[in-house]
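Spelled out from the first residue to the last, the chains are:
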Amino acid sequence: INLPPIDWLFGPFALRAKHAPLWLSYTGTSYDAQIIPCVQGIRHGIVTTSLNIDFKARAEMKAMEEGDIDFLTKRLKQLEIWEGMIDRAWKDTLMPLPPPFVDAGSFF
């Protein structure tokens, strides 16, 4: 699979309104609700891209996250969960695009 370099784990994202049914029809309840529809969209030919955002976390937030073993453990568990979900999303039978879906153009 030839993919553009995408920052999969950066929170904010945008999409064209015509692609919203793909996200709205997904029944996930956590971070997967952003990532799995994106994988499905890519498999359907929707063009994706990442934009550089000039963002820096506050020093207090960064210090809290970097020095907290519970926080680091939470992140590792998230990555373990995502690995399986994302792997299945690439390999499972591709679900048809939900109606109304205009076409598989680009996000931007």
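Residues numbered from 1 in each chain as written. Predicted model: local features only at pLDDT ≥ 70, side-chain atom pairs only at ≥ 80, totals over all residues. Heavy atoms only, no water.

S.K.: What's the story with the confidence of the model for the protein in this structure? I'm lost.
M.R.: Detail in the predicted coordinates should be disregarded across regions flagged by low pLDDT. Averaged over the protein, the pLDDT score is 76; the fraction of residues at 70 or greater is 81%. Across the protein, the secondary-structure element scoring lowest on mean pLDDT is helix 3 (residues 59-66), at 79, and the one scoring highest is helix 1 (residues 20-24), at 85. (pLDDT = per-residue confidence, 0-100. Helix = DSSP H or I, 4+ residues; strand = E, 2+ residues; numbered from the N terminus.)

S.K.: Explain the pattern of salt bridges to me, please; I cannot follow it from the model alone.
M.R.: Close approach of charged atoms allows side chains with opposite charge to pair. All told, the structure shown has two salt bridges when counted by the stated rule. Here Asp87 ties to Lys91 by a salt bridge, and the two come within 3.1 Å at their closest N and O atoms. Taken together, the residues span about one helical turn, with Asp87 and Lys91 both in helix 4 (residues 69-91) at a distance of four residues. The exposure class assigned to Asp87 is partly exposed, which follows from its relative accessible area of 36%. Given a relative accessible area of 62%, Lys91 falls into the exposed group. (Salt bridge = Lys/Arg side-chain N within 4 Å of Asp/Glu carboxyl O. Buried < 20%, exposed > 50% of the residue type's maximum accessible area, 1.4 Å probe, protein only.)

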